[in-house]
Amino acid sequence: MGASLYEDMTDRSTGNIIEGHQLCFRYPHYNENGEVDSTQTALEDIDLEVQEGQFIAILGHNGSGKSTLARQLNALLLPTGGTLYVNGYDTRDESRLWDIRQSTGMVFQNPDNQIIASVVEEDVGFGPENMGVPTEDIWKRVKKALGAVGMWEMRESSPDRLSGGQKQRVAIAGVLAMKPRCIVLDEPTAMLDPGGRAEVISTVRELNRTEGVTVILITHYMEEVVDADRVIVMDKGRVVLTGTPREIFSQVDQLTNLRLSVPQVTLLAHALKEGGADLEDGILTREELIGSLEALRAENSAAGTGTAVSGAAAPAVSESGDAVPGEEVSAASMPGAADDSAHAKGSDTSDRAAGHDPEKAIEKEEPFIRAEHLGYIYEPGTSYEREALKDINLSIGKHEFTGIIGHTGSGKSTLIQHLNGLTRPTSGTIYVDGEDISAEGYPMRDLRFRVGLVFQYPEYQLFEENVLSDVSFGPKNQGLPEEEVLSRARTAMRAVGLDESFEKVSPFELSGGQKRRAAIAGILAMEPEVLVLDEPTAGLDPMGRDEILELLKKLYEEKDMTILLVSHSMEDVANYVNRIVVMDNGQILYDAVPEEVFSHVEELERIGLAAPQVTYVAHELRDRGWDVDDSVTTIRQAADEILRALGDK
C-alpha cells in the first residue's frame, strides 16, 4: 500500500494535543432522490489550539456548532474544509482513525447510549477488549478506571440499578480504560440531578489534576466552567470569544446577546455592584463573593458608614435571574424592600411567577387531581422488583404552578405518568375532577385530552412532515372538524411564539428551543386543563431555557392553566413555581413554598439535591453574623437583603 495522502504528524512538536486551522464543516441536505441539493454550514474557519493537560470549556447556544466540533475531535465527523490534527494525526487520514479515537475519548449527554453490558466492570472492559489488550491488562485497566471515578465498589452491579450520576461515571470509566490522552464531554450533566452533576464534574476535574488528562467540556451550566483553564464561546459555527472564565464572565451583556448567561453568583455580584456595593468585576464563586462582601463590611465599619442603597440603581433581572441589558430598577423597589415585614421567613413571594399567595394554592379545598395512598412497583414478583412509589398522598388544585424535584430515581417521572393514566397504580387511587381514573370503564382517551403530558426531550414526540400538521395531530384525534383543528393548532403555535412562517417548516429543521415549543404547542392544541412537563428545559441553552419557562409562566397567568414542572434545576423552580413537592425514594419528603423547602439545605443535599446558589450565599452570610434573611431563593431577593444589610450602620 502506498504512502498516506495525509502528512503523518506524529513528530509535530507544537505541544498541542489538538490543533485546528480554518476548520469548516457543512452538513449535506439530500433531496428525495438521495442527491445532495444543498449544505448547511455548522463550522466556519475555526482555529483551535489545546495543549496537553488543559481543561477547556466550550459554551454556546443550541445550534452554535459545539457538538459538531466535539464530533470532529475524535473523527466521528471529518472536516469539509481546513485541517484538524489530534495527537499529531490529520483526522482526514483514514488509516489513523483508530489512533485518533484511542487518543480522544467521547462521553455523551445520555450515559445509556454508551453503556451496553449488564455488569459495570464488563462494560468498562469492553473498549480495551476491542483494542486487543491482553486479558490481564484489561482487568488492571478496569480496576484503575473504576477507582479513578469512585465506582470500584459498584463493579459487580447492573448499570440499570445505578443513578444517573453513577451511570455517567461508569461511562467516563469506560473511556478512561482505553487510556485516552483527551476526554471530550458533550453536555454530560444535562440529564442529572444536582448531586449527580457535582459527582461528574468533580470526577472530571480530579482526572485533569491528578492524571493529567486533557478535558474538553461542553456544557450549558455556567457554574461548571469556573475552574477551566480557558473558555471558548461559539456562535453560528465560529469562535467569538476566548479567555479565562473571569474574562469571559465579566462580559454579562455580550453573553446575554449570545443567548448565554453567567454563574448565578456572578449575576448576584453584578446586581449588588449596580446597587451601590463597591465590588470588583468578574466574581465567579460563592467564596469570592462572600470574601468581598466581608471586606466591604469591614471597610464600612471602620469608616463608621454604611453603603447607601436607597434609590441606588440595580440591574433588572428576568424571572430566571438573568440580567436584562440596558434596564435598571431601583434597589428600593426590589421585592421586599419597601416593607421590613417582607424579611420574615417565606413571606416575600412578590417575584414569584404567578404573583399569587402560594399558600392558597396548597390549601385548595377541592383539588382537581388527588392521589390517595398511591403505590407503584416495577416488575413485581421478579428479581428486578422495585418499589417506585410508596403511599403517596398529593392534591393539586386548579390554577397552581407546582414544581416537582428529586434525585434521579426518586419517583418523579413515575408519579406524573400516573396523572394521565399512562401508568396504573399498583395500590391506592388517583382522582381527577373527583373521578377515580382507575375505575373500570373510565375513558382514558378523554383524560389524556384534559391532562397533557410533555415528556423529557419533547422533540422526540415530533413526527409529521411540517409543524402545523404535527401540532394538529392531537385535536384531529379528538374528532374535531378540520376548521376547528386548524384554528386550535394556529392558536397554540402563536401561544408558544411560532408564527405562520413556521407552519410548513419541517419540525426536524427547527432549533432545540423551537422543537420544544412545537411539542408543547401540540399538547396545548388539545386545550388541556393541566399541563405536566418532565424536564422540558434539559439540554437547552440559557436563553432557550428562559424562553420555555417564560412561556409556562404566561400560560399559567393568562390561560389559568394548572402546571406541574419536573426539574433538576433548583434555580428554575425557585424562580417560577409557587409550590414545591420534593420526592425521595418514592415518597414525598416536603410539600411547601420554595422558601420553606430551600431552608432545608442539608437535608436536600443528603438526597442529591441542592438549594439555589443565592440561598447558600445568604446562609453563609447569616452564619457570619449578617442581618439577612437566609430564606431568599432568587437574585432579586438576595440582592435586596444584602444591600439592606450593607446599608445598616
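Residues numbered from 1 in each chain as written. Predicted model: local features only at pLDDT ≥ 70, side-chain atom pairs only at ≥ 80, totals over all residues. Heavy atoms only, no water.

A. Just the layout of surface pockets, in detail. Computed from the structure, the largest pocket encloses a volume of approximately 1400 Å³. Forming the boundary of the largest pocket are 40 residues, of which Asn 62, Gly 63, Ser 67, Gly 512 and Lys 515 lie nearest the centre. Listed by contribution, the elements that provide at least two residues to the lining of the largest pocket are strand 1 (16–30), strand 2 (36–51), helix 1 (66–72) and helix 16 (512–524). Per element, the largest residue contribution to the lining of the largest pocket is 5 residues, and it comes from strand 2. In terms of residue class, the lining of the largest pocket is built from 11 nonpolar, 20 polar and 9 charged. In this structure, the second largest pocket occupies an estimated 1100 Å³ of space. Taken together, 50 residues line the second largest pocket, and the ones lying closest to its centre are Arg 197, Tyr 221, Glu 223, Glu 224 and Gln 613. (1 Å grid on protein atoms, 1.4 Å probe; cavity = no way out; pocket = protein on both sides within 12 Å on 5 of 7 lines; lining within 4 Å. Points joined across faces, edges and corners; volume = space filled by probe spheres on them. Helix = DSSP H or I, 4+ residues; strand = E, 2+ residues; numbered from the N terminus. Nonpolar A, V, L, I, M, F, W, Y, C, P; charged D, E, K, R; others polar.)

B. A look at the confidence of the model for the protein chain. Averaged over all residues, the pLDDT of the protein chain equals 85, while 88% of them reach at least 70. The model gives residues 1–13 a pLDDT under 50, and that stretch makes 17 contacts with residues more than four places away or in other chains. With pLDDT under 50 throughout, residues 308–362 is counted as low confidence; its partners more than four residues away or in other chains account for 141 contacts. (pLDDT = per-residue confidence, 0-100. Contact = heavy atoms within 4.5 Å.)

C. Local environment of the pairing of strand 8 (residues 214–218). Counting buried residues in strand 8 gives 5 out of 5 residues, a clear majority hidden from the surface. Relative to strand 8, strand 7 (residues 182–186) runs parallel, the two sharing 5 bridges. For Val 184, the partnering residue across the bridge sits in strand 8 and is Ile 216. (Buried < 20%, exposed > 50% of the residue type's maximum accessible area, 1.4 Å probe, protein only. Pairing = 2+ DSSP bridges.)

D. Focus on the nonpolar core. Residues Phe 249, Leu 268, Leu 272 and Leu 289 are the most contacted members of the largest nonpolar core, which totals 74 residues. When residues in this core are grouped by element, the largest group, 7 residues, is from helix 22 (residues 635–647). (Core = buried A, V, L, I, M, F, W, Y, C linked by side-chain atoms within 4.5 Å.)

E. Local environment of the packing of helix 9 (residues 264–274) against helix 10 (residues 286–303). One can describe the packing of helix 9 onto helix 10 by two numbers: an axis separation of 9 Å at closest approach and a directional angle of 25°. Taken as axis vectors, helix 9 and helix 10 run roughly parallel relative to one another. Viewed along their axes, helix 9 and helix 10 form a crossing whose handedness is left-handed. Facing Val 265, Leu 268, Ala 269 and Leu 272 of helix 9, the residues of helix 10 in contact are Arg 286, Leu 289 and Leu 293. Its residues assigned to classes, the contact of helix 9 with helix 10 comprises 6 nonpolar, no polar and 1 charged. (Axes fitted to C-alpha atoms, helices over the stretch in contact; angles between N-to-C directions. Parallel < 35°, antiparallel > 145°, perpendicular 65-115°, else oblique. Left-handed = near helix turned anticlockwise from the far one by under 90°.)

F. The pattern of salt bridges, seen in detail. Counted according to the given criterion, the structure contains 32 salt bridges. Arg 96 is the salt-bridge partner of Asp 99, the closest N and O atoms lying 3.3 Å from each other. A residue is classified by how much of its surface remains accessible, and Asp 99, at 24% relative accessible area, is partly exposed. Among the residues examined, Arg 96 registers a relative accessible area of 23% and is labelled partly exposed. Put simply, Glu 547 and Arg 517 hold a salt bridge, and the shortest N to O gap is 3.6 Å. Of this pair, Glu 547 sits in helix 17 (residues 542–558) while Arg 517 sits in helix 16, and the two are 30 residues apart along the sequence. When its relative accessible area of 25% is taken as the criterion, Glu 547 is described as partly exposed. Each of Arg 259, Arg 517, Asp 541 and Glu 547 takes part in a single network of salt bridges with overlapping partners. (Salt bridge = Lys/Arg side-chain N within 4 Å of Asp/Glu carboxyl O.)

G. Highlighting the packing of aromatic side chains. Applying the stated criterion across every chain yields a total of 4 aromatic pairs. Between the aromatic rings of Tyr 376 and Tyr 378, the centroid separation amounts to 4.9 Å while the plane-to-plane angle is 85°, which identifies the pairing as edge-to-face. Owing to a relative accessible area of 26%, Tyr 378 belongs among the partly exposed residues under this scheme. Taking the centre distance of 5.5 Å and the plane angle of 45° together, the rings of Phe 401 and Tyr 556 count as tilted. (Phe/Tyr/Trp six-rings, centres within 6.5 Å; stacked < 30°, edge-to-face > 60°.)

H. Helix 10, seen in detail. Under the 1.5 Å per step criterion, the end-to-end length of helix 10 is 26 Å for 18 residues, consistent within 8% with the ideal 26 Å. Within the span of helix 10, buried status applies to Leu 289, Ile 290, Ser 292, Leu 293, Leu 296 and Asn 300. One face of helix 10 carries all of its buried residues, which in axial projection span an arc of 160°. Across from the buried face of helix 10, at angles greater than 90 degrees, the exposed residues are Glu 287, Ser 301 and Ala 302. For helix 10, the elements touching its buried residues are helix 9, helix 21 (613–623) and helix 22. (Expected span 1.5 Å × (residues − 1). Arc of directions from axis to C-beta.)

I. Representation of a negative patch on the surface. On the surface, Glu 274, Asp 278, Glu 280, Asp 281 and Glu 299 cluster together into a negatively charged patch. Relative to the assigned elements, Glu 280 resides in the loop between helix 9 and helix 10. The class of Glu 280 is partly exposed, set by a relative accessible area of 45%. (Patch = residues over 30% accessible without salt bridge, like charges linked within 9 Å, V, L, I, M, F, W, Y side chains within 5 Å. Areas by Shrake-Rupley, 256 points an atom, 1.4 Å probe, with all protein chains shown as cover. Lys, Arg positive; Asp, Glu negative; His and termini not counted. Charge placed at Lys NZ, Arg CZ, Asp CG, Glu CD.)

J. Focus on the environment of Leu 217. In this structure, Leu 217 sits in strand 8. The buried category is assigned to Leu 217, whose relative accessible area is 1%. Those residues in contact with Leu 217 that sit more than four places away from it in its chain are Phe 55, Ile 56, Ala 57, Ile 58, Leu 185, Pro 188, Ile 201, Glu 224 and Val 225.

K. Broad picture of the environment of Pro 111. When you line up the elements, Pro 111 lands in the loop between strand 6 (104–107) and helix 3 (120–130). Here Pro 111 is in contact with Gly 164, Lys 167, Gln 168 and Ala 171, once residues within four sequence places are set aside.

L. Fine view of the sheet that holds strand 13 (residues 369–378). Reading across from one edge, 14-13-16-17 is the order of the 4 strands in this open sheet, with antiparallel pairing throughout. Bordering the open sheet on either side are strand 14 (386–396) and strand 17 (435–436), each of which pairs with just one other strand. By the bridge criterion, 7 bridges tie strand 13 to strand 14 in an arrangement that is antiparallel. Paired with Leu 374 across the strands is Ile 392, a residue of strand 14.

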